[in-house]
Structures are given as C-alpha cells and as structure tokens.
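For reference, the chains in residue letters:
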Amino acid sequence: MTTGYHPLVKRLLDGELSLAELPPELRAEGEEALHLVGVADRTPVALSPALEERVMAAVRHHAASRDPVSPGNRAWRWLNTPRDVELRLRVRPWTVWAGALAAAAALALLLGRPAPQPMPGPQARGSTRDSVLVRFVLYAPGAHRVAVAGTFNQWDRGAAPLVPAGRSGVWTTTLALPVGQHQYAFVVDGARWVVDPGAPAVDDGFGRRNSVVAVTAHGAQL
Amino acid sequence: MRTIGLAATLVLGATLAGGLAAQDVQARLDGRVSPEVQRAVQGIAADAAAHGLPVDPLVQKAIEGAAKGVPGDRVIAAVRALAGRLGQAMAAVREAGVTAPEGDVVEGGADALNAGFSGRQVTDLVRVSQPPHDPALTLRVAATLSALGVPTTQALQLVQGMISAGRSPSDLLGLPGQVQAGVARGATPAQAAAGLARAAGGAPPGRLPDWVPPGQRKPRNPHKP
C-alpha cells in the first residue's frame, strides 16, 4: 500500500499537472493514484428529510439550553443590540473650533510633561531596569543571625535576612537585584560585617572592604 | 529687561532645586546617622549639588558608614573624600566630550579613581564606551578589575579590547568573575587578565570564526571568485 505520494503526483491529483507532464519514473505512481481516485464511489449522497429535521431540532434545543431568556438576559440583549440612532446637533462654528483647540492644548500639556524623576532610594549601579534573582550564600557556623546589606537596600542590616539551611552552618537568601554592579557585605549577628569570600572586594572608604556582585541579564557573576 | 528676567528665573529655579535637594538629603539621613554627621553631610551635599555633582553617592556613603558603626568623624572624612573624587571624575568625564554627564557615570568615575585609575584613564574609559556600552558600567568593571589586582593600564587595555572586539555589556560585567576564576586556578591577576585580553581578540561565543564587529569590513575570502 502506498503511504505517501510524490509531491508531483499530488499535483497531478489536484489537476495542476497532467500525466504526460510527470517524469517517466513517476508515471506508474501517478497512474496508480489516478486509478484509486477513479474507483472511489462518487455517487451523491442524499440525506433523508427526517434526519435533517432531527439535526435541526437538536441544534435549537442546544441553543436554548445555553441561552435561557431571563429578564436580565433580555435587558442585556436590548442594550447590546445595535440600532440606528440619528443625532442632530445645532452648534455655532466657533464652539467647535474652541473645543478642538482645548483638546489640542490638553494633549500638548500631556505630551510635554517631563518624565518623572527617580525616587530617592536604592538604585541599580548599572543603567538598565531589569531585575535578576541573585542568591547569596554564607557559611557561618555558630551564627544566630545573618543578613546581607548593600547599595541595593541602603545598607539596611535588617532588610534582607538570610535563612539557615538546617544545621549545616550555611545561610542563604535570594534577592531580586537590578542589572548592574552592586556592593554589599554580610552582617553576622547584627554587628560583624563580613565580606563574601567568593566575590571580588573593593575598598569601602572606611578602611574595610565591600564585596561586589555584577548582575547581568543572564544572572549574577561574582 | 528680558535677559534680567530670564536670569532671575534661572537663579530662582536653582535656589528652589537646591532647597529641595537639601530637604531630600535631610529626609534620607534622618534617624540613620548622628546629628553631627547629618549636618556635615548636608553641607557637603549642598556644595556638591551647587557644582552639579550627584548627591546620592554621598548620602549612601554616610548611611553605609553609620550602618557599619564607623565613628562620625571618619564617616564625614570619607564623604568629603568621595565628594572630591566626584569632582575629579566630573572633570575627567567632561574631558571625554560628555558635557552633562549623568550622576551614575560620575559615580563610576569616582569608583575608578578610588581604585587607582588616573583622570586621563577615566577619560579614555568613557570615550571608548560607545553604545550599547554604558560608561558607568565600564568604569565600575574597570574599578573592580583593579581592586582584584589587575594593573590599571592592563585593565584599561582589557576593557578597551573587549569593547572594540564587539563584546556585549554582559561580557564586560563578567570580566571580574573570570579574572577571579583565573586567580583561583593559580594565575596572577595580571596573567588572568592577559589571557582574557588574548581571548577578546577572537570571535564572541556563538559567532563564526570570521565574525567581525559591526561596522568593520570582513577580510576578503581568497576562495571566492
């Protein structure tokens, strides 16, 4: 049994090509396809009137069951049905021009407004506004509290606490940081500032170091 | 008469803006630093704002110092030093042809100066940061490379090479991490940076070996007629 005809044979069946136009090696396949199509019973099928009546009755019943004509539905249909409404206005030309000018002025004011200034607060140390989830991990066995503070949270020691992973001494948290470069440090037990041993560190201006994380659109890179 | 009116409007505008900036600084420092530090930083910030310098890094530095429990006089000294660097950075960025630099770029320049770059090198870094590269990001990456121990001249060359080779800002941001990985494998920061600079000359990931940055002419293929 043929499972699929050559594209040229399909074009033959569609009437786009004649058998003579097929390449010689495809003619046998084309003849077979034409033969199969030829033996198909092409006698028109006539449906009995009773069947049509039954089908239409079923359709009407289905439509009625989906759309019960409640008073609310009737009101909605009345409100929603399109109607021709003729509106006649008698206006003086100067009122039309005044309205148009007022609308144009309002539009100009709207478009001419300066862009809102960024609110003071944590800012990305890069330039784009996309945020990326960054996971901070510190191994601090014996610590009772660990948090991460940095340029992204105004160095707030309580803003981003880390959670201990069981009793392993590993503390973690995940923060959404804007793309760019951020400085940070871990705060152990609310007082001890610890740099991230896995990240580059820069001078903080106070004789200590800040860790640096570079957040790209593809993730964080230490 | 019209000129006098315009000048008066500008002076009034600047005064109002300065007043608003001072109020903003006060509000942000309230309860976060000691009154002594607050007064000093407000003065430094007002002076900086009058010279067109960004105020936010100064406020951030004061808050950082207070959060870390640094004594007030050292916080004030650090904020004053930062204001000085911001002024130098502003001059260096303007030297690169940016007449009205954004605060972020000036802050990046101050970071680079703090990391050991000269004003001239900051100018060069800004000049090479053509779109899509953000000068603020370029400066911060260079500063981080220097903090990792890469000599400033080499860090400058590496960053310049990456940008001229058509590498993306994300590639640039990944440089400090790559240098650190090289150091972890036993290389010195300079050696790690040199390796990255050599690699920067090749095609970026996902490009064919004969890829050239946009705007550059592809070498002629001798096999093509």
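Our subject is the structure that appears above.
Report follows, based on the coordinates. (Residues numbered from 1 in each chain as written. Chains lettered and ligands numbered in written order. Predicted model: local features only at pLDDT ≥ 70, side-chain atom pairs only at ≥ 80, totals over all residues.)

**Thoughts on the overall build of chain B**
Part 1 of the reasoning: Regarding its fold elements, chain B presents eleven helices and zero strands.
Part 2 of the reasoning: Taken from N to C terminus, the helices and strands of chain B fall in the order α-α-α-α-α-α-α-α-α-α-α.
Part 3 of the reasoning: Counting the 225 residues in chain B, one finds 44% classified as buried.
Part 4 of the reasoning: Taking as baseline every contact in chain B between residues at least 6 positions apart, the subset at least 24 positions apart corresponds to 64%. (Helix = DSSP H or I, 4+ residues; strand = E, 2+ residues; numbered from the N terminus. Buried ≥ 20, exposed ≤ 12 C-beta atoms within 10 Å, placed from the backbone. Contact = placed C-beta atoms within 7 Å.)

**Some remarks on the packing of helix 2 (residues 35-50) of chain B against helix 4 (residues 72-95) of chain B**
Residues and elements named next belong to chain B.
Part 1 of the reasoning: For the pair helix 2 and helix 4, interaxial distance at closest approach is 9 Å and the crossing angle is 5 degrees. The orientation of helix 2 relative to helix 4 falls into the category roughly parallel. Judged by residue contacts, Glu36, Val37, Ala40, Val41, Ile44 and Ala48 of helix 2 engage Gly72, Val75, Ile76, Val79, Arg80, Ala83 and Leu86 from helix 4.
Part 2 of the reasoning: Grouping the constituent residues of the contact of helix 2 with helix 4 by class yields ten nonpolar, one polar and two charged. (Axes fitted to C-alpha atoms, helices over the stretch in contact; angles between N-to-C directions. Parallel < 35°, antiparallel > 145°, perpendicular 65-115°, else oblique. Nonpolar A, V, L, I, M, F, W, Y, C, P; charged D, E, K, R; others polar.)

**Remarks on the nonpolar core**
Part 1 of the reasoning: Membership of the largest hydrophobic core comes to 88 residues, with the highest contact counts inside it found for Val41, Leu58, Ala62 and Ala142 of chain B.
Part 2 of the reasoning: When residues in this core are grouped by element, the largest group, eleven residues, is from helix 4 of chain B. (Core = buried A, V, L, I, M, F, W, Y, C linked by C-beta atoms within 7 Å.)

**Focus: the interface of chain A and chain B**
Part 1 of the reasoning: Contacts between the two partners involve 27 residues from chain A and, on the opposite side, 32 residues from chain B.
Part 2 of the reasoning: If you list the elements that add at least two residues to the side of chain A that touches chain B, you get strand 5 (180-188), strand 7 (201-203) and strand 8 (209-216) of chain A.
Part 3 of the reasoning: Within the side of chain A that touches chain B, the residues separate by chemical class into twelve nonpolar, eleven polar and four charged.

**Structural notes on the environment of Val150 of chain B**
Part 1 of the reasoning: Note that Val150 of chain B resides in the loop between helix 7 (135-147) and helix 8 (152-164).
Part 2 of the reasoning: Discounting residues that sit within four places of it in the chain, Val150 of chain B has contacts with Leu145, Ala155, Val179, Pro189, Ala190 and Ala193 of chain B.

**Thoughts on the pairing of strand 2 (residues 146-150) of chain A**
Side-chain positions along a regular strand alternate between the two faces of the sheet.
Residue and element names in this part refer to chain A.
Part 1 of the reasoning: Burial of strand 2 is extensive: five of the five residues sit out of reach of the surface.
Part 2 of the reasoning: Both faces of strand 2 are covered, namely the face carrying Val146, Val148 and Gly150 and the face carrying Ala147 and Ala149.
Part 3 of the reasoning: In terms of strand pairing, strand 2 meets strand 5 through five bridges, oriented antiparallel. When the sheet's bridge partners are listed, Ala149 is paired in strand 5 with Ala185. (Pairing = 2+ DSSP bridges.)

**Focus: the sheet that holds strand 1 (residues 131-139) of chain A**
All names here are of chain A.
Part 1 of the reasoning: Strand order in the open sheet formed by three strands is 1-4-3, with antiparallel pairing between adjacent strands. Where the open sheet ends on each side, the last strands, each with one partner, are strand 1 and strand 3 (163-164).
Part 2 of the reasoning: The pairing of strand 1 with strand 4 (residues 170-178) spans nine bridges and is classified as antiparallel. By the bridge assignment, Val137 is partnered in strand 4 with Thr172.

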